[in-house]
Amino acid sequence: AAESAKDAGSAIDKSGFQVSDDVAIQIVGMNKWFGDFHVLRDINLTVHKGERIVICGPSGSGKSTLIRCINRLEEHQAGQIVVDGIELSDDLKKIDEIRREVGMVFQHFNLFPHLTILQNCTLAPIWVRKMPRREAEEAAMTYLERVKIPEQANKYPGQLSGGQQQRVAIARALCMNPRIMLFDEPTSALDPEMIKEVLDVMVDLAQSGMTMICVTHEMGFARQVANRVIFMDEGQIIEQNEPEEFFTNPKSDRTKLFLSQIL
Ligand code: ADP
Ligand code: MG
């Protein structure tokens, strides 16, 4: 294992980039296929610590696949992905390490229906992090307070609204004390009146300095918190810019077309 760690390290050096301390995620020349289908093409992306990135683009453009590659829910076939100094490879120990650093929130909240809200939040800290139960519960309550639903701790997911469940999903991810949070269309399955309560929690998280990548079409959120907006189409990063410039002065015709359809 020590040998392969060294190899991975030298591979990074040979490819000509050094991951500096302020880089959270570095993706270089990354490609991914599903069978014959080339889903991600030559992705290059550097995310610095504390950055808040919004990714948008048409359905099927590869947004979910890209962020799923960052915590190895999907494998890439070419190029490199380095997360918090750890290069993603087949090394299971490294995958575990990365999953501990990277929290993820999905469109469908993926809570365990047969566990209470508190149990949903303490499961991974107790079983993965080996945290004592009392300590895990105290931490979970702190995060449930932060997402403004401590009073729901002993209920089951089915007893909560969609917006409340999504806030639990965020609290649950935070209980692992991640350094990076990935959001995949966290509000797109919600009724309109519940979107704001979830976005408010995400804004609060952004203001706390969390490194975040959010796939979302909530352009108000993008303007408010993103320092960079990335537009993807057909598996490629087509364009990226700071929000004001991105929205008022898009360069590519594909970006213009996309914005005209959603704004
Ligand atoms: P987005 O999130 O931008 O809508 P996805 O990353 O979900 O796009 O999907 C990109 C493309 O890859 C789509 O054409 C989708 O059908 C395809 N795809 C996604 N997951 C798989 C899979 N597990 N196997 C085969 N094709 C997939
Ligand atoms: Mg998607």
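Per chain, residues are indexed from 1 in the order of the written sequence. Starting at A for chains and at 1 for ligands, labels are handed out in the order in which the entities are written. Given that this is a predicted model, residues contribute local features only at a pLDDT of at least 70 and side-chain atom pairs are listed and counted only at 80 or more, while totals for whole chains, interfaces and linings are drawn from all residues. Calculation of side-chain values draws on the structure's entire complement of heavy atoms; hydrogens and water are dropped beforehand.

Colleague: Explain the packing of helix H4 (residues 117-127) against helix H6 (residues 162-174) here, please?
Modeller: Axes are the key here: two packed helices are described by the angle between their axes and the distance separating the axes. Taken N-terminus to C-terminus, the directions of H4 and H6 make an angle of 25 degrees; their axes are 8 Å apart at the nearest point. Judged by the inter-axis angle, H4 sits roughly parallel to H6. The hand of the H4/H6 crossing is right-handed. When H4 is examined against H6, the residues Ile-117, Asn-120 and Cys-121 are found in contact with a partner set consisting of Val-168, Ala-171 and Arg-172. When the residues that make up the contact of H4 with H6 are grouped by side-chain class, the tally is four nonpolar, one polar and one charged. What counts as an axis is a line fitted to C-alpha atoms, over the stretch in contact for a helix, and the angles between N-to-C directions run from 0 to 180 degrees. Working definition: helices are DSSP H or I runs of at least four residues, strands are E runs of at least two. Numbering for both runs from the N terminus. Roughly parallel means an angle under 35 degrees; roughly antiparallel means over 145; roughly perpendicular covers 65 to 115; every other angle is labelled oblique. Each crossing gets its hand from how the near helix is turned against the far one by less than a right angle, where anticlockwise is left-handed and clockwise is right-handed. What makes two residues a contact is simply this: any of their non-hydrogen atoms within 4.5 Å. Each residue gets one label: Ala, Val, Leu, Ile, Met, Phe, Trp, Tyr, Cys and Pro are nonpolar, Asp, Glu, Lys and Arg are charged, and the others, such as Gly, are polar.

Colleague: Help me out: how do you make sense of empty space enclosed by the protein in this one?
Modeller: Summary: where empty space remains is shown by rolling a probe the size of a single water molecule over the atoms. Each cavity reported here is a set of points on a 1 Å grid over the protein atoms alone in which a 1.4 Å probe fits but cannot get out, each pocket an open set with protein on both sides within 12 Å along at least five of seven lines, and each lining residue one with an atom within 4 Å of a point. Grid points are joined across faces, edges and corners, and a volume is the space filled by probe spheres set on the points. Using the criterion set out here, one finds one cavity of 30 Å³ or more in the structure. In this structure, the largest cavity spans a volume of roughly 40 Å³. As for the largest cavity, its lining consists of Arg-146, Val-147, Ile-170, Leu-174, Val-201, Asp-204 and Leu-205. Counting only elements with at least two residues in the lining of the largest cavity, the list comes to H6 and helix H7 (192-207). Examining the composition of the lining of the largest cavity, we find that three residues originate from one element, H7, more than from any other. Per-class residue counts for the lining of the largest cavity are five nonpolar, no polar and two charged.

Colleague: Which parts of the structure should I look at to understand the layout of surface pockets?
Modeller: The computed volume of the largest pocket comes to approximately 620 Å³. Of all the elements in the fold, those that place two or more residues in the lining of the largest pocket are helix H3 (92-101), strand S6 (102-105), H4 and H6. If one sorts the elements of the lining of the largest pocket by residue count, S6 sits on top with four residues. For the lining of the largest pocket, the class distribution of residues is 14 nonpolar, four polar and four charged. Empty space within the second largest pocket amounts to approximately 180 Å³. Along its surface, the second largest pocket is lined by 14 residues, and Lys-63, Ser-64, Gln-107, Asp-184 and Glu-185 are the ones closest to its centre.

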